[in-house]
Amino acid sequence: MDREIKILIIDDEGEGQVDPLDVARCFSNTPNVTIHVITRKNRKQIPLRHSRYIKEVHYFSPENNSSYLDNIIETIKIIESHVLFPLTIKSQIFISENINAFNGITKVVPISKKSVIEKVTNKWTLNELLRRNGFPYTKCLLFDNYQGIKINVAQLDYPLLLKPVISGGSGEGIHQFKNHKDLSLYLNSQNIPLKKIYLQEYINGYVLCVNILAKKGKLLVHSIHKGIMQIGRAHV
């Protein structure tokens, strides 16, 4: 590859699924690739600005999403970006909603529609999708509040995992309970009601990361690797 390829990564605020520095390292051995990052995070929260793999980090504090879209388009034009890479789920949804704004300006990495992203990042709807289509799924229940759990928990076998239906990823907000006593102590300590709670039977095993790139239902490329879990984290 002779010509320089400039990639603009969107690292949205408050998310921790993927570190843009990891992506930059993956590109580090590819000749003529330059990485820029655009973010709404506070400058002090971005240690990657010191990375040798990243050309520049562009900081913005937009008043709303419309202003942020303008910031992204302006940055694309200034650095003459060839590829826009929304890294987090939040940024992927945002770009998906505004995908037409980038026509003729830059290429956007393949991302799904907002409705698809929201369905597969919701633990309950994803589990139901698997069940209805004959794939392995987890035995679980969905509750509107903690009181509902106290009434219906007998339908599941311990150990159990209590999860937010939608979370920031990486096991955030997940709690594991070995018996009913532990669960009851936790529920009695919670004073703030949640809108939706997902209770699931624990599956003993290890995490596999599966990456799939498909177009119109056709699998183009995939990878599978075993995840490295932190000790004490309540993952499935």
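Before going into details, it helps to say that this report is about the structure given with it. For clarity, every value in this text was computed on a predicted model and none was experimentally measured. (Residues numbered from 1 in each chain as written. Predicted model: local features only at pLDDT ≥ 70, side-chain atom pairs only at ≥ 80, totals over all residues. Heavy atoms only, no water.)

As for the packing of aromatic side chains
Quick reminder of the rule: Any two of the Phe, Tyr and Trp rings considered here, Trp counted by its six-membered ring, make a pair once their centres fall within 6.5 Å; the pair's planes then place it as stacked at under 30 degrees, edge-to-face at over 60, or tilted in between. For the purposes of this entry, the term helix denotes a DSSP run of H or I that reaches at least four residues, the term strand denotes a run of E that reaches at least two, and both are numbered from the N terminus.
Using the criterion set out here, one finds three aromatic pairs in the structure. Where Trp 124 meets Tyr 198, the ring centres are 6.4 Å apart and the plane angle is 75°; that geometry is what we call edge-to-face. A residue pair is termed long-range when its members are at least 10 positions apart, and Trp 124 in helix H5 (residues 123–132) and Tyr 198 in strand S9 (residues 197–201) qualify at 74 residues.

Structural notes on the pairing of strand S11 (residues 218–226)
Note the cut-off: By this definition, two strands are paired if DSSP reports at least two bridges between them.
In the sheet, strand S10 (residues 208–215) pairs with S11 via eight bridges, with the strands oriented antiparallel. Each residue of the ladder has a partner; that of Ile 212, found in S11, is His 222. The antiparallel pairing of S10 with S11 creates a hairpin that spans two residues between the two strands, and Lys 216 there sits at a positive phi of about 50°.

Notes on the pattern of salt bridges
Filter applied, for reference: Just to be clear on terms, a salt bridge is a Lys or Arg side-chain nitrogen sitting within 4 Å of an Asp or Glu carboxyl oxygen. Burial here depends on accessible area, computed with a 1.4 Å probe over protein chains only, as a share of the maximum for the residue type. Under 20% is buried, over 50% is exposed, and the range in between is partly exposed.
If you walk through the whole model with that rule in mind, you get four salt bridges. Lys 114 is the partner of Glu 118 in a salt bridge, and the nearest nitrogen-oxygen pair spans 3.9 Å. Within this pair, Glu 118 and its partner Lys 114 are both found in helix H4 (residues 114–121), separated by four residues, close to a single helical turn. For Lys 114, a relative accessible area of 33% gives the class partly exposed. Between Arg 131 and Glu 128 there is a salt bridge; the shortest N-O distance is 2.7 Å. Placement of both Arg 131 and Glu 128 in helix H5 is noted, with a separation of three residues, approximately one turn of the helix.

Section: the environment of Ile 76
Residue position: Ile 76 is located in helix H2 (residues 65–79). For Ile 76, a relative accessible area of 2% gives the class buried.

Concerning the packing of helix H3 (residues 89–97) against H4
Inclusion rule: Angular values range over 0 to 180 degrees, each being the angle between N-to-C directions of two axes fitted as lines to C-alpha atoms, with helices fitted over their stretch in contact. For this classification, under 35 degrees means roughly parallel, over 145 means roughly antiparallel, 65 to 115 means roughly perpendicular, and everything else is oblique. Any two residues whose heavy atoms approach within 4.5 Å at even a single point are treated as in contact.
Between H3 and H4, the least distance of the axes is 9 Å, while the angle of their chain directions is 155°. Here H3 lies roughly antiparallel to H4, going by the angle between them. For the pair formed by H3 and H4, the contact residues are Ile 89, Gln 92, Ile 93, Ser 96 and Glu 97 on the first element and Lys 114, Ile 117, Glu 118 and Thr 121 on the second.

Side note on unusual backbone geometry
Here the residue pair Tyr 158 and Pro 159 is connected by a cis peptide bond, since its omega of 0° sits within 30 degrees of zero. Here Pro 159 shows up in the loop between helix H6 (146–152) and strand S7 (160–164). One non-glycine residue, Asn 32, lies in positive phi territory at about 65°. Its place among the elements puts Asn 32 in the loop between helix H1 (20–27) and strand S2 (33–39). The phi dihedral of Lys 216 falls on the positive side, at around 50°, and the residue is not glycine. Mapped onto the elements, Lys 216 comes out in the loop between S10 and S11. In this structure Lys 216 comes out as exposed when scored by relative accessible area, which is 85%.

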